[in-house]
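# Working through the structure, step by step
These are the residues of each chain, in order.
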Amino acid sequence: MLILLIGASGCHHEDWQTQAINNAKELVREQLKGPTVQFSRVQFTGDSRSGQTCGYLERKTADGGAVDTRFIVFIDGGGGQNPFIDDPSAPYPINKDDFALNWQTQCVELGYSAG
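The text that follows walks through the structure, step by step, so that each part is easy to find. (Residues numbered from 1 in each chain as written. Predicted model: local features only at pLDDT ≥ 70, side-chain atom pairs only at ≥ 80, totals over all residues. Heavy atoms only, no water.)

### Describing the state of the cysteines
For the structure on display, the rule yields one disulfide. Note on cysteine connectivity: C54 is disulfide-linked to C107, with sulfurs 2.0 Å apart. Linking C54 and C107, the disulfide has an S-S dihedral of approximately -85° and is accordingly described as left-handed. One end of the pair, C54, is in strand β2 (residues 52-60); the other, C107, is in helix α2 (residues 97-107), and 53 residues separate them in sequence. Neither C54 nor C107 differs from the other in exposure class; each is buried. (Disulfide = S-S within 2.5 Å. Helix = DSSP H or I, 4+ residues; strand = E, 2+ residues; numbered from the N terminus. Buried < 20%, exposed > 50% of the residue type's maximum accessible area, 1.4 Å probe, protein only.)

Shown next as structure tokens:
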């Protein structure tokens, strides 16, 4: 019986993280008005109340190439500043230096690994 409870608990944990990641991707797509935006190296860090989805999105360039751009989506809404996208044209964060700080403290220091 105990094994079943542990297994069920693990599945529930994964379900909310998967949902948080899917919601984050959708929010980024809406912000960029890009339904075909591709994502890579996406991970969830933190917990179900104050965690965040961190990762990279691929943006097409004018010359037909592509560039990887980092993003963070805060599960608690980020105080209305969601998503953070590491791009000068993105509305959030307003202070672009805030992105680097949040990437370090909210992604890397909480276990994000791009490897």
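### Comments concerning the packing of aromatic side chains
Centre distance and the angle of the planes are the two values used to describe a pair of aromatic rings. Per the stated rule, a full pass over the model turns up six aromatic pairs. Relative to W103, the ring of F99 has its centre 6.0 Å away and its plane inclined at 20°; by these criteria the two rings are stacked. Taken together, the residues span about one helical turn, with F99 and W103 both in helix α2 at a distance of four residues. One cation-aromatic arrangement involves R41 over Y56; the distance from NZ or CZ to the ring centre is 3.7 Å. In this arrangement the basic side chain of R70 is found over the ring face of W103, its NZ or CZ atom lying 5.0 Å from the centre. (Phe/Tyr/Trp six-rings, centres within 6.5 Å; stacked < 30°, edge-to-face > 60°. Lys NZ or Arg CZ within 6 Å of the ring centre and 35° of its normal.)

### Topic: α2
Within the span of α2, buried status applies to F99, N102, W103 and C107. All buried residues of α2 lie within an arc of 105° about the axis, which places them on one face of the element. Exposed positions of α2 whose direction lies more than 90 degrees from the buried face are D97 and L101. Against the buried residues of α2 lie β1 (38-45), β2, β3 (66-74) and β4 (84-85). (Arc of directions from axis to C-beta. Contact = heavy atoms within 4.5 Å.)

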